[in-house]
Amino acid sequence: MPIPLLLLSDLAAWLLFGVALAYAFTASRREHLRAPWRRVRQQPVAMVAAVILLAHVGITLLDSLHFAPQAANGTEAEPEPLSVLDFVLTPLRTGVETSYSAPFALLGFDRESVLQADGRVVREYPRLRYGGAHLRDPAQRGADILQRGALGAAAGALAGLLLLRLLWPAQCRPWRRRNDDPAGRAAALTLLVLCVLAGLGGALATRYHVFGTDKVGMDVLYQSIKSVRTGLLIGTLTTLVTLPFALVLGVAAGYYRGLVDDLVQYLYTTLASIPGVLLVAASALLLDGLMTRHEDAFSSLIVRADLRLLALCVILGITSWTGLCRLLRAEALKLRESDFVRAAEALGVRGPRILWRHLLPNVMHIVIIATVLDFSGLVLAEAALTYINIGVDPGMESWGNMINAARMELARQPAVWWSLSAAMLWMFVLVLAANLFADAVREAFDPRTREATPSARPAGT
Amino acid sequence: MMGYFVRRLLYAIPILLGVNVLTFALFFLVNTPDDMARMQLGERRLTPAAIEQWKVDHGYHRPVFWNAAQTGVTQLTDTLFFDSSTRLFRFDFGKSDAGRDINADIAERMGPSLVIAVPVLLVGLACALTWSLAIAWLAGTRLDFWSGVLCVAMMSISGLFYIIGGQWLLAKLWHLAPISGYADGLASLRFILLPVVVSVLASLGGSVRWYRALFLEELGKDYVRMARAKGLSDARVMFGHVFRNALIPILTGVVVLIPSLFLGALITEAFFAIPGLGSYTIEALQAQDFAVVRAMVFLGSLLYVAGLMLTDLSYLIADPRVRLE
Amino acid sequence: MSDRLLQIDQLSVHIGDQPVIENLSLKLKRGETLVLAGESGSGKSLTALSIARLLPAAAQVRAGQITLGDTALFPLTEREMTKVRGARIGYIFQEPQLALNPVMTVGDQIGEVLACHLKLRGKARQQRVIGALAAVGIPDPERRAGEYPHQFSGGMKQRVMIAIALAGEPELLIADEPTTALDVTVQAQVLALLKAEQQRRGMGMLFITHDLGVAWQVADHLAVMQAGRVVENAPRDRFYAAPEHPYSRTLFAALPKLEPQAHTAPVVHDQPLLEVRNLAIHFPIRRGLLKRTVASVKAVNGVSFTLQAGETLAVVGESGSGKTTMGRGILRLLDLTDGQVLHRGDDLRQLSSEALRIRRRELQMIFQDPFAAMNPRMLVNEILQEGMLAQGIGGSAAQRDARVRELLVQVGLKAEHALRYPHEFSGGQRQRLCIARALAVEPRMVVCDEPTSALDVSVQAQILELLEELQQRLGIAYLFITHNLGVVARIAHRVAVMHQGVIVEQGPVNDVLFAPRHPYTQALLAAVPRIEA
């Protein structure tokens, strides 16, 4: 029996998911919270982005349910914990080659000495152990890929349609042009495309290395999928760390002013004055030293990597709350002069309650906009920080680590391009979706953009 | 006016002190001087005596914040923190833990950083302004839409991709510039081309979108309608009125960055092997050279505060409504 | 050359699919003033903007044409149109604060027009700029031409805008609520200036206003707009003698008139409800290195008065006179510098903060802008219960809900409105909600800070009626802060006139308004635009 195992970041991920659900529940019952989301819901681009983001959230959550597999008989070492996603991706995870191989390759990338049947040793490109191993004749590869791909895509499409029919009957035939809900149609189509892609991937990835393999022979597709959780957690957990600081300090400084304000301002000017990367770097290196000295405290590599990830989120959060805090302080300063706050004071409402009932709800749109906007920046920052060795643990799957490992291999002839491309492309898709979604959210929540966009030229007559 | 700036200068002192306390706390919380000595001395020369000697040489033999062995004020002053803070405020950064003169290093490495950072800033500003102005003019058209799409796409690409892609395309495929490296004098031109192009591209999408939003915000204001009612042509409205008003936030946003140009760009310099302050900092971090990191953090904070003051000054010049009191 | 200057034929403008102007036709002769009157949202401004072809991007002209002199304006290219704007049509906007470019000197903003249309350069242009500033009554024009808009007061800014509009020597001057943002004495000066310039130059003027009093002062002709249509179009004298359309008549009826009215004076008790003695509120100006207080703005500087239970004391004054600051100071919403505020004999400054908090139940406030006075993220039910919860009154949740429903009915709304958000209500309804919020804690006294100024005239009258009715029923005392003397005559028992932080005159309403003794009160009253039909 596998034993469930809760890593700290799993806990954080599910907690975050819970918070999001709770917010969704509250928002659905309050008109003023629901109205801006409804505006987001009406934009096709935002909905496409939302579906893509949700798919990533799904991957993250699946990857956040860990268990300790039973040790195989006869092996001494305790096996590393696995997630449900690892379990689903078992063929990808275990299909490890010896070294690089190109996407859909049947042969290795480097020549190896192979012992022939007649006892001679020949330098040649070896057949891969897993990639296309089921093919007796390498010439069948093209036909096999086509056949399997078509089957997989069809299965994916079928599954997608079934899903739509079950969950969203109104959009069960999204390809029809006549549709009074273009945003919903776009979302349904995206869902279908994702299902087809998943089907395609599922059918091909079990037999080939769709994105090739890396230096130690790991499947690049598997790494890319596993990196989703890392990127997403950094993008969201960091903000979660930021929020309490920024919200409490910013709003309190703006409302109470005086000494509180002076202290908060001093605090954030001081923190902001330290170059962010330096602060992150210093903290990360210190953490490194700390972990090396207490090596034995970690039961496994994954626990260590996990802790490092959380620490990175905390550090990033501490260095990045100042901007939001400044915004919230300014907004609170404005709000405290507003008539409705004055009316509450005239009614004898106590200070903390005014903060809670009048100020907080009226700065939440800024918080939401900031959260969504920061996300993409943080995902990108992870890659950059990991590159200069102050990001996530080198043993953890992340796009930064993939890029880092693959960078030097571009110089080879022929270039090993797939690892880098896969990481870049996947990151691009996620960040693009996040940016587009953020745009729609900002437009819907920012009271200033509510009016029509002004034009540089006078309206035609 | 003068009073204002003097007050801002004085206000910088507690901030810089705070920064110092923070860096000290961060480092000594987990890294004892013994650890640092071990790290710097390497495995072979590691004897207790050598460690003690190293600590005395680098001033780490004293307590960090509080010297209980002393009496009176010296409890505070005869400490590592007090000593190194006062030296920092005198811009005497001393010797790095590896034994090099930090002031000389900084002076030497500032040049290459500026050679990259200044063109990046200027070229970037010029490109972003031209593009955003053109697109604000065409707001609402199809071109505006596609420019927006392009900007979002450019923002969504990792900076690493720009660097790696640029090196691969411009240097390896087209042989337009060396992949990395640096030379002094005019020869540096060859080397700065690639980092400048890459850095400008990496930040262009975001700036264009921001500037465009600023232009459109100004376009929506009443004085623009008034300017049109005067019978001014579109071009005069745009350049005579909108541009000047939108330039205020743009310029002040740029001015705050100017002092920190000295510090260089960490990642760009590391990738292109440019011997500037950015790569200096990264090297120091990787070698855990606390003295250098401390100096760079101090310098960074100082330049940030200077940037804030410059921003105020630029507001004062650009916007007649602003009076500093 | 015919004497017809402007002709609008069958104009229809839509925003989206919503018609905002429908089939509108108007005529204006040279040398005459046509006033477009109507309440907010009636389409007055859009009509004016379509003449200059400056409509916002969202608005589209669907039909009709506009002719200026012999030129049909709509067929012109944008380039040709720039030669019409500024040169043949001068335009004055409502908010001088926003309509002037903040980073350009006033002289340059006028000079731009001269350069563009009259091709003037260098010294000649500078001379004209100074002449233009002098003509609109700006003292020391040589120096002021080099200053920026923020260095001018509101009235001076509006004069600058008039100078800009007149610089191109237009045939038609469009003035869109040019005096609405100004104080009444400044309004009188600006109106006189506009009228004089119009007559001197023989221009046609299209004057937009919501104020029938102002309209009387300038109009030759009057057109009343309602919901995008002209409902009545008549010469001034005929219109004021006998407005024909029912809507015009309601506008008239709602107009607060400056006439003596019979008020039953409230009973005078030994101890007044509120007694203010030598109240002073100063805001320090800090300068220099150590931020020492070098001077202070004396917003309120030694004010004394009493307020009886069930009485209305109107505080009248122009913007900057300190009346709003005083109202807030009395409720201790800001710190007092000196003096006493005695409520039922207790000095509010001496009360502990908790005692003051409990005392707040008896002292409430209604604000000018009902859109800003309620938290947009709270339900009406929550807004009205907030005071009860803070004061620990109103009993159980069910009792409080019942009380909210009762309050809503009391202020003329419906009980089921409790579960809506403030943005779902119109301006007048919101002001009713604010009144209900104050009533929820059963106050003895309410400070009303310009409660009707943001509302249309017809709505204004209803709110005043409601306040009067509540006073009679509940015996609430009002400290009624306003700049509108017509409103004062209607609602107040006594009046205090404030000027530069002090009360210059106070007394029974009919004495102060109809036999003013202080010169400032006299000037104030003389400036009120009156209809003398």
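Residues numbered from 1 in each chain as written. Chains lettered and ligands numbered in written order. Predicted model: local features only at pLDDT ≥ 70, side-chain atom pairs only at ≥ 80, totals over all residues. Heavy atoms only, no water.

Asker: Can you help me understand the overall build of chain A in this one?
Answerer: Of regular secondary structure, chain A possesses 15 helices and five strands. Along the first, second and third principal axes, the C-alpha set of chain A runs to 100 × 65 × 50 Å. With 461 residues in all, chain A has 51% of them scored as buried. Within chain A, counting contacts between residues at least 6 apart in sequence, those at least 24 apart form 70% of the total. For chain A, the accessible area works out to roughly 21800 Å², and carbon and sulfur atoms hold 65% of it. With 43 positive and 37 negative side-chain charges, chain A shows a separation of 9 Å between the mean positions of the two kinds. (Helix = DSSP H or I, 4+ residues; strand = E, 2+ residues; numbered from the N terminus. Buried < 20%, exposed > 50% of the residue type's maximum accessible area, 1.4 Å probe, protein only. Contact = heavy atoms within 4.5 Å. Areas by Shrake-Rupley, 256 points an atom, 1.4 Å probe, with all protein chains shown as cover. Lys, Arg positive; Asp, Glu negative; His and termini not counted. Charge placed at Lys NZ, Arg CZ, Asp CG, Glu CD.)

Asker: It is not clear to me how helix α11 (residues 301–336) of chain A should be interpreted in this structure. Could you clarify?
Answerer: Two residues of an α-helix separated by three or four positions point the same way, owing to the 3.6 residues in each turn. Here α11 of chain A spans 50 Å end to end across 36 residues, near enough to the 52 Å set by a 1.5 Å rise per residue. The sharpest bend along α11 of chain A measures roughly 40° and falls at Ser320 of chain A. (Expected span 1.5 Å × (residues − 1). Bend = angle between axes of the 7 residues up to and from the residue.)

Asker: I keep staring at the pattern of salt bridges and nothing clicks. Help me out?
Answerer: Opposite charge on two side chains permits pairing when their charged atoms draw close. Residues and elements named next belong to chain C. Applying the stated criterion across every chain, the model contains 52 salt bridges over all chains. The salt bridge involving Glu78 is made with Arg53; its shortest N-O contact spans 3.6 Å. Residue Glu78 is located in helix α2 (residues 78–84), and its partner Arg53 is located in the loop between α1 (44–51) and β4 (59–68); the two are separated by 25 residues in the primary sequence. A relative accessible area of 25% places Glu78 in the partly exposed class. The closest approach of N and O atoms between Arg144 and Glu147, which form a salt bridge, is 3.1 Å. (Salt bridge = Lys/Arg side-chain N within 4 Å of Asp/Glu carboxyl O.)

Asker: What am I meant to see in the interface of chain A and chain B here?
Answerer: Size of an interface: often given as the accessible area lost when the parts come together. Counting from both sides, the interface comprises 49 residues of chain A and, opposite them, 50 residues of chain B. Contact between chain A and chain B buries roughly 4200 Å² in total, counting both sides, with carbon and sulfur atoms accounting for 70%. Our count for the chain A to chain B interface comes out at one salt bridge. Taking the shortest distance from any N to any O, the salt bridge between Arg209 of chain B and Asp439 of chain A comes out at 2.5 Å. At the boundary of chain A with chain B, the tally comes to five residue pairs in polar contact (both at pLDDT 80 or more). Looking at the side of chain A that touches chain B, the elements that each hand over two or more residues are α9 (258–273), α10 (276–293), α13 (351–387), α14 (399–407) and α15 (418–445) of chain A. (Buried area = accessible area lost by both parts, 1.4 Å probe. Polar contact = N/O pair within 3.5 Å; in protein donor to acceptor, adjacent residues only side chain to side chain.)

Asker: Explain the state of the cysteines here, please?
Answerer: Two cysteines whose sulfur atoms are joined by a covalent bond form what is called a disulfide. Going through the model one piece at a time under the given rule, you end up with zero disulfides over all chains. The thiol of Cys151 of chain B is not disulfide-bonded; the next cysteine sulfur, from Cys127 of chain B, is found 12 Å away. Judged by relative accessible area, Cys151 of chain B falls into the buried class, the value being 1%. Cys448 of chain C supplies the cysteine sulfur nearest to Cys434 of chain C, a cysteine that is in no disulfide, at a spacing of 11 Å. (Disulfide = S-S within 2.5 Å.)

Asker: Help me understand a nonpolar patch on the surface in this model?
Answerer: Residues and elements named next belong to chain B. A cluster of nonpolar side chains, namely Trp168, Leu169, Leu173, Trp174, Leu176, Leu193, Val197 and Leu201, defines an oily patch on the protein surface of about 700 Å² accessible area. Sorting the residues of the nonpolar patch by element identifies α8 (159–173) and α9 (188–219) as the ones contributing at least two each. Counting through the fold element by element, Leu193 comes out in helix α9. (Patch = residues over 30% accessible without salt bridge, like charges linked within 9 Å, V, L, I, M, F, W, Y side chains within 5 Å.)

Asker: Explain the pairing of strand β4 (residues 112–115) of chain A here, please?
Answerer: Each regular strand carries side chains that alternate between the two faces of the sheet. All names here are of chain A. Two elements, β4 and strand β5 (residues 121–124), share four bridges in a ladder whose sense is antiparallel. Paired with Glu112 across the bridge in β5 is Glu124. From the end of β4 to the start of β5, which pair antiparallel, there are five residues, and Gly119 there has a positive phi angle of about 95°. (Pairing = 2+ DSSP bridges.)

Asker: How should I be thinking about the packing of helix α5 (residues 80–89) of chain B against helix α14 (residues 290–318) of chain B in this particular structure?
Answerer: Residue and element names in this part refer to chain B. One way to put it is that α5 packs onto α14 with a least axis distance of 11 Å and a crossing angle of 50°. One finds that α5 runs oblique with respect to α14. Between α5 and α14 the crossing geometry is right-handed. Across from Ser84, Leu88 and Phe89 in α5, the residues of α14 making contact are Arg294, Ala295 and Phe298. Partitioned by chemical class, the residues of the contact of α5 with α14 number four nonpolar, one polar and one charged. (Axes fitted to C-alpha atoms, helices over the stretch in contact; angles between N-to-C directions. Parallel < 35°, antiparallel > 145°, perpendicular 65-115°, else oblique. Left-handed = near helix turned anticlockwise from the far one by under 90°. Nonpolar A, V, L, I, M, F, W, Y, C, P; charged D, E, K, R; others polar.)

Asker: Please explain unusual backbone geometry as it appears in this structure.
Answerer: Peptide bonds are mostly trans, and most non-glycine residues show a negative phi. Residue and element names in this part refer to chain C. Here the phi dihedral of Arg332 falls at roughly 60°; this positive angle occurs in a residue that is not glycine. Turning to its location among the elements, Arg332 is positioned in the loop between α12 (323–330) and β14 (338–343). The residue Gln500 is not glycine, and still its phi comes out positive at about 50°. Its place among the elements puts Gln500 in the loop between β19 (494–499) and β20 (502–508). When its relative accessible area of 61% is taken as the criterion, Gln500 is described as exposed.

Asker: What is the right way to read a positive patch on the surface from this model?
Answerer: A contiguous patch of positive charge, built from Arg236 of chain B together with Arg79, Lys83, Lys119 and Arg121 of chain C, is present on the exposed surface. When you line up the elements, Arg79 of chain C lands in helix α2. The exposure class assigned to Arg79 of chain C is exposed, which follows from its relative accessible area of 65%.

Asker: What is the right way to look at the side chain of Ser338 of chain A in this model?
Answerer: Within the fold, Ser338 of chain A resides in the loop between α11 and α12 (339–346). A polar atom in the side chain of Ser338 of chain A sits 2.6 Å from the backbone oxygen of Leu335 of chain A.

Asker: Help me understand the environment of Thr242 of chain A, please; the structure alone is not making it clear to me.
Answerer: Residues and elements named next belong to chain A. As for its position among the elements, Thr242 is in helix α8 (residues 220–256). Here the alpha-carbon distance between Thr242 and Thr371, two residues 129 residues apart in the chain, equals 9.4 Å. Each residue touching Thr242, except ones within four places of it in the same chain, is listed here: Gly317, Ser320 and Trp321. A polar contact of 2.5 Å, which involves the side chain of Thr242, links it to the backbone oxygen of Thr238.

Asker: So what exactly am I meant to see when it comes to the sheet that holds strand β2 (residues 66–68) of chain A here?
Answerer: Where strands meet in a sheet, backbone hydrogen bonds hold them as pairs that are either parallel or antiparallel. Residues and elements named next belong to chain A. Within the open sheet, the three strands sit side by side as β1-β2-β3. Their pairing is antiparallel. Each having just a single partner strand, β1 (3–5) and β3 (82–83) make up the two edges of the open sheet. With two bridges joining them, β2 and β3 adopt antiparallel strand pairing. Residue Phe67 lies in a different strand from β3, and its bridge partner there is Leu82.

Asker: How should the sheet that holds strand β7 (residues 172–176) of chain C be read in this particular structure?
Answerer: All names here are of chain C. Read across the sheet, six strands follow the order β6-β7-β8-β3-β9-β10 without closing on themselves; strand pairing throughout is mixed. The sheet terminates laterally at β6 (89–92) and β10 (229–235), the two strands that pair on one side only. With strand direction ignored, the average angle separating the axes of adjacent strands in the sheet is 15°. For β6 and β7, the ladder comprises four bridges, and the chain directions are parallel. The residue bridging Ile89 from the neighbouring strand is Leu172, located in β7.

Asker: Even after reading the chapter, I still don't get the packing of aromatic side chains, so can you show me in this structure?
Answerer: When we look at a pair of aromatic rings, we describe it by the centre distance and by the angle of the planes. All names here are of chain A. Here the structure, examined in full by the defined rule, presents 22 aromatic pairs over all chains. With centroids separated by 6.5 Å and ring planes inclined at 25°, the aromatic side chains of Trp37 and Phe437 adopt a geometry described as stacked. A residue pair is termed long-range when its members are at least 10 positions apart, and Trp37 in helix α2 (residues 31–41) and Phe437 in helix α15 qualify at 400 residues. Judged by centre distance (5.0 Å) and plane angle (75°), the ring pair of Trp37 and Phe445 falls under edge-to-face. Here Trp37, found in helix α2, pairs with Phe445, found in helix α15; they are 408 residues apart in sequence, far enough to count as distant. (Phe/Tyr/Trp six-rings, centres within 6.5 Å; stacked < 30°, edge-to-face > 60°.)

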